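Each chain, letter by letter, is given below.
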Amino acid sequence: MVYGILKLINFAHGDIMTVGVYTILVLMTAFGMPLWACIIISILIAIAVGLIAERAAYRPLRTAGEETILVSSLAVSIILQNLLILIFSPQRKAFQLPDALSALHSFGSVKLSTMNIITFASVFVILIVLSYVIKYTRIGLAMRACSDNMNASKLMGINITTVIVAAFAIGSSLAALSGLMLAGEYKTIDPLMGFVPGLKAFCAAVLGGIGSLSGAVLGGFILGVAEMLFAGLMPTEYTAYRDAFVFVLLIVVLLIRPNGILGTKDGGRS
């Protein structure tokens, strides 16, 4: 949504996810708060960080070129990473969720944890909710208008700043939730954990078709399945290059479909 409106590749998105995860860890370990309260507070803090970044680093450069805002987002990403390193140290930390969320469930030959099931279900619920918001609500219509033509939307009386703030707030809240799911799966966290997943998330959006919510989800599943197949089928000495494989796959797909799998010609070439 942020890219569709501002044409901004927000490199700090993954680091906002990391902020949300560390917030949950601190609240659970230092204050002994229940998980549901930790999640709510982490979402609020992630939204605050996203809005501060938008106000301080992106809004003053809104009329500048796309390259300038891109460099600004990289700067925000590096700042957040280093702040987390200064506060929590660069060492990995254990991230343990309640045992019920780690329990395994067998479906034939397939075994999934409770967190896996929650992740799959959450993706589809969030997709349905976001699709409804984008298509049928006032703010959603304003987002679509701004994505199509920012200047025309401004002339029609749409408050551009409100639309952009809403997009950053939604994106930052979802980043916090995705961080919880990622950390719950790998059981460890570190200050740099969000950068590569953030890049992969953007690759998934480009692969599925920029501007398409369902395309982003489809792209994510394709990249995830392809990465796991690469890691499982290739010799062991090549599994360390699984991240590089993701970007090679992206290039190959875009050579065949420059607009992404579900992208349209109106959306521009990825």
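The coordinates are above.
If you're wondering where the values come from, they're calculated on a predicted model, not measured in any experiment. (Residues numbered from 1 in each chain as written. Predicted model: local features only at pLDDT ≥ 70, side-chain atom pairs only at ≥ 80, totals over all residues. Heavy atoms only, no water.)

Along its length, the protein chain carries 12 helices and four strands. In terms of C-alpha radius of gyration, the protein chain reaches 19 Å, essentially the compact-globule figure of 18 Å for 270 residues. Among the 270 residues that make up the protein chain, the fraction classed as buried is 40%. When the accessible area of the protein chain is evaluated, it comes to approximately 14,700 Å², of which 68% is carbon and sulfur surface. Seen as two clouds, the 17 positive and the 12 negative side-chain charges of the protein chain have centres 7 Å apart. (Helix = DSSP H or I, 4+ residues; strand = E, 2+ residues; numbered from the N terminus. Rg over C-alpha atoms; globule rule 2.2 N^0.38 Å. Buried < 20%, exposed > 50% of the residue type's maximum accessible area, 1.4 Å probe, protein only. Areas by Shrake-Rupley, 256 points an atom, 1.4 Å probe, with all protein chains shown as cover. Lys, Arg positive; Asp, Glu negative; His and termini not counted. Charge placed at Lys NZ, Arg CZ, Asp CG, Glu CD.)

This part is about the packing of aromatic side chains. Taken as a whole and judged by the stated rule, the model has six aromatic pairs. Aromatic rings pair up to connect Phe120, Phe124 and Phe221 into one cluster. (Phe/Tyr/Trp six-rings, centres within 6.5 Å; stacked < 30°, edge-to-face > 60°.)

Moving on, we come to the pairing of strand 2 (residues 104-107). Judged from the four bridges that link them, strand 2 and strand 3 (residues 110-113) form a sheet pairing that is antiparallel. Each residue of the ladder has a partner; that of Leu104, found in strand 3, is Ser113. (Pairing = 2+ DSSP bridges.)

Take the nonpolar core next. Among the nonpolar cores identified, the biggest contains 49 residues, and Ile5, Ile24, Tyr58, Phe95 and Ile189 are the most heavily contacted of them. If you tally residues by element for this core, the top one is helix 9 (residues 160-186), at 11 residues. Membership of the second largest hydrophobic core comes to 11 residues, among which are Ala226, Val246, Leu250 and Leu254. (Core = buried A, V, L, I, M, F, W, Y, C linked by side-chain atoms within 4.5 Å.)

Attention shifts here to the packing of helix 3 (residues 35-58) against helix 4 (residues 66-88). Helix 4 packs onto helix 3 with a crossing angle of 135° between their chain directions and a minimal axis gap of 10 Å. Judged by the inter-axis angle, helix 3 sits oblique to helix 4. Crossing angle aside, the handedness with which helix 3 passes helix 4 is right-handed. Residues Val49, Ala53, Ala57 and Tyr58 of helix 3 lie in contact with helix 4, whose contacting residues are Ile69, Ser72, Ser73, Val76 and Leu80. (Axes fitted to C-alpha atoms, helices over the stretch in contact; angles between N-to-C directions. Parallel < 35°, antiparallel > 145°, perpendicular 65-115°, else oblique. Left-handed = near helix turned anticlockwise from the far one by under 90°. Contact = heavy atoms within 4.5 Å.)

The next point concerns unusual backbone geometry. The phi dihedral of Ser89 falls on the positive side, at around 75°, and the residue is not glycine. Within the element layout of this structure, Ser89 appears in the loop between helix 4 and strand 1 (93-94). Owing to a relative accessible area of 26%, Ser89 belongs among the partly exposed residues under this scheme. With a phi angle near 70°, Lys187 is a residue other than glycine that sits in the positive phi range. Within the secondary structure, Lys187 sits in the loop between helix 9 and strand 4 (188-189). For Lys187, a relative accessible area of 28% puts it in the partly exposed group.

What follows covers helix 10 (residues 195-208). With 14 residues, helix 10 should reach 20 Å at 1.5 Å per residue; the first-to-last C-alpha distance of 20 Å fits that figure. For helix 10, every residue scored as buried is listed here: Lys200, Cys203, Ala204, Ala205, Val206, Leu207 and Gly208. (Expected span 1.5 Å × (residues − 1).)

This paragraph deals with the pattern of salt bridges. Two side chains of opposite charge can pair, provided their charged atoms sit close to one another. In the structure shown here, the tally under the stated rule is three salt bridges. A salt bridge links Glu54 to Arg59; the shortest N-O distance between them is 2.9 Å. In this structure Arg59 comes out as partly exposed when scored by relative accessible area, which is 26%. Asp190 serves as the salt-bridge partner of Arg92, at 3.4 Å between the closest nitrogen and oxygen. Of this pair, Arg92 sits in the loop between helix 4 and strand 1 while Asp190 sits in the loop between strand 4 and helix 10, and the two are 98 residues apart along the sequence. Arg92 gets classed as exposed once you look at its relative accessible area, which sits at 57%. Residue classification places Asp190 among the buried residues on the basis of a relative accessible area of 12%. (Salt bridge = Lys/Arg side-chain N within 4 Å of Asp/Glu carboxyl O.)

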